[in-house]
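# Architecture at a glance
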Amino acid sequence: MQQDFPPSFVRLVARIIFKLQNGGGKIVEKYNAKDGRRFRDLMNHFADVKKDEEAKKEVDEELIPKLKQYLGKDNLPNYADFLGIYGRVLVNRFCLFDDTMMTFGSGVYLAASIFDHACIPNCYVSFSGRNVQIRSLIDMKELDYNKLRIGYIDPVCSVATRKAELQRRWFFWCDCKTCADEERKELENSIICEGCEAKVYIPEEFDAQNPVEPKCKNCNTPVSAKKVRDYRSIIYKTKKTLKEMSEENPNVIECMELLEMQGEMLHPLNVWRVRTLDFAFNACIFNGCWSRAMDYGDMNYEGMRHYYGPDNPTLSLFLLKLGKAKIYLKEFREGVRHLETAEPILKEALGANHPLIVQHLIPTNELANEDLSIRLERMEKSKLKESIQNWVASLTRPQVKLNTPVA
């Protein structure tokens, strides 16, 4: 008989309650030589939780009943203290990633909670087992935590969705430059113009106070009311399906149905098109459908590069998977090119000894030696490198001077 285990968030809250009852509140995690944080130092967002109907419903109807069943009623703190614990956990938890950067749970890290959010972060989060590692992606003369940012949410979603999710889960309204970028906003929800194939912006939802009649800025071709309704219907279905789908195990068939529904209407850089293709790409990778994965990856490269940026480790992770697909399908040159682009960025973000590098990237790159021309080129490069090293070493050796005989 299969045991009825509680959801991961319930288990996380339960572990924290037990830890606090056993002196865990005194634990200090240092983020530098002299400063650190206790659990009580984390913002509890007590007022935000109390006035948030969705959060209150989760606490009253889901979390507390399951914890009573899991822990027993006597082990739960009073309601006010519980809301304080819930608020701290809700806002400060991290998703845990395994060696292949797939999520497998969540945890609270006191010291790491010091990092604030940016829609374009300058730090990258990874894990070694259950130990969190946060590496800066920029050079700094002096370490300043006020200038370091991590991403709380995937940038491959629309501004409206991202801001609403940040408000719902972290209780703040983002007003960064990325969220205020009107050109980016218009591209996120764009279709292809029927007249000239340029992008045409369609607001994600109808705004009665500020109605927009979409038309192409390039050729002035208007967009019919029916097409606007069709677009919003497609986006609603896309958002709903992807939200309900597991990112760790996306459904291939559902992704293909979404792409078929989107058809030729959406612009290639429409954020929901990019997100759907990324789900489809990962679904094919997880199921070993390498040929289809390669097709989706090639279709989505420019979109992923646009929303993540060329130096983002998440783009490099995408390139690692795309490179693997190409090498498996014996498109060695393209595969190696993707891996060589990804390698230095992933090493900087994860460390050269991270399992993703040692156990996945490097062995996959070595598979390209099956191509004789690549293997010979690598042998020549290795010999040249050895020759240069020997030459440099010879320059540093002490020179023995011999007496020259006098004629």
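Provided above is the structure to which this section pertains.
Residues numbered from 1 in each chain as written. Predicted model: local features only at pLDDT ≥ 70, side-chain atom pairs only at ≥ 80, totals over all residues. Heavy atoms only, no water.

### Description of the pattern of salt bridges
Stated formally: Each reported salt bridge corresponds to a side-chain nitrogen of Lys or Arg within 4 Å of a carboxyl oxygen of Asp or Glu. Note on conventions: DSSP H or I runs of at least 4 residues are helices, E runs of at least 2 residues are strands, and numbering of each starts at the N terminus. Burial status follows relative accessibility: with a 1.4 Å probe on protein chains alone, a residue under 20% of its type maximum counts as buried, one over 50% as exposed, and anything between as partly exposed.
Applying the stated criterion to the full structure yields 17 salt bridges. Between Arg169 and Glu165 there is a salt bridge whose closest N-O contact spans 3.7 Å. With Arg169 and Glu165 both in helix α5 (residues 159-170) and four residues apart, this pair spans about one turn of that helix. For Arg169, a relative accessible area of 25% puts it in the partly exposed group. Asp230 serves as the salt-bridge partner of Lys226, at 2.8 Å between the closest nitrogen and oxygen. With a gap of four residues between them, Lys226 and Asp230 both fall in helix α7 (residues 225-244), about one helical turn apart. The exposure class assigned to Asp230 is partly exposed, which follows from its relative accessible area of 30%.

### With respect to the pairing of strand β6 (residues 123-128)
Selection criterion: In this description, strands pair whenever DSSP reports at least two bridges between them.
A large share of β6 lies buried, amounting to five of its six residues. Pairing of β6 with strand β7 (residues 131-136) involves six bridges; the strand directions are antiparallel. Directly across from Val125, in β7, lies its bridge partner Ile134. As consecutive antiparallel partners, β6 and β7 are separated by two residues, and within that stretch Gly129 has a phi angle of approximately 65 degrees, a positive value.

### Details of helix α8 (residues 252-262)
Going by this rule: As used here, the arc belongs to the directions running from the helix axis to the C-beta atoms. Residue contacts are counted whenever heavy atoms from the two residues lie within 4.5 Å of one another. By the criterion applied in these results, polar contacts are pairs of N or O atoms within 3.5 Å in which, for protein atoms, one can donate a hydrogen and the other can accept it, and in which residues neighboring in sequence qualify only through two side-chain atoms.
All of the buried residues along α8 are Val252, Cys255, Leu258, Leu259 and Gln262. End-on view of α8: buried residues confined to an arc of 125 degrees, all on one side of the axis. What points out from α8, more than 90 degrees from its buried face, is the exposed set Ile253 and Glu260. Buried positions along α8 lie against α7, α9 (271-286) and α10 (290-308). Of the residues flanking the start of α8, the one acting as N-cap is Asn251, its side-chain oxygen 3.0 Å from the backbone nitrogen of Ile253. Positive phi appears at Gly263, one or two residues downstream of α8, with a value of about 55 degrees.

### Section: the packing of helix α3 (residues 53-71) against helix α4 (residues 79-92)
When two helices pack together, their arrangement is given by the angle between the helix axes and the distance between those axes. Worth spelling out the cut-off: Under this scheme, a helix contributes an axis fitted over its contacting stretch, all axes are lines through C-alpha atoms, and angles between N-to-C directions fall in the 0 to 180 degree range. Orientation labels follow simple angle bins: below 35 degrees gives roughly parallel, above 145 gives roughly antiparallel, 65 to 115 gives roughly perpendicular, and whatever is left gives oblique. Under the grouping applied here, Gly and all other residues not named as nonpolar or charged are polar, the nonpolar ones being Ala, Val, Leu, Ile, Met, Phe, Trp, Tyr, Cys and Pro and the charged ones Asp, Glu, Lys and Arg.
In the contact formed by α3 and α4, the axes pass within 12 Å of each other and the chain directions differ by 105 degrees. Relative to α4, the element α3 lies roughly perpendicular. Note on element contacts: α4 touches α3 through Tyr79, Phe82, Leu83 and Tyr86, opposite Ala55, Lys56, Glu58, Val59, Asp60, Leu63, Ile64 and Leu67. For the contact of α3 with α4, the residue count by class is nine nonpolar, no polar and three charged.

### Brief notes about the environment of Phe94
Structurally, the position occupied by Phe94 is in strand β3 (residues 93-97). For Phe94, a relative accessible area of 10% gives the class buried. Taking the C-alpha atoms as reference points, Phe94 and Gly105, eleven residues apart in sequence, are found 8.5 Å from one another. Setting aside residues up to four positions removed in sequence, Phe94 forms contacts with Gly105, Ser106, Gly107, Tyr109, Ala112, Ser113, Val125, Phe127, Ile134 and Ile150.

### What about a nonpolar patch on the surface?
Put simply, the rule is: A residue counts toward a patch only above 30% relative accessible area and without a salt bridge, and it is joined to like-charged neighbours within 9 Å or, for Val, Leu, Ile, Met, Phe, Trp and Tyr, to nonpolar neighbours within 5 Å. What sets the accessible areas is the Shrake-Rupley method with a 1.4 Å probe; for residues, cover comes only from the shown protein chains.
A contiguous nonpolar patch, built from Tyr328, Leu329 and Leu367 and spanning about 250 Å² of accessible area, is present on the exposed surface. For Leu329, the position within the fold is in the loop between α11 (313-328) and α12 (332-350).

Everything listed here is a matter of geometry and, on its own, says nothing about what the molecule does.
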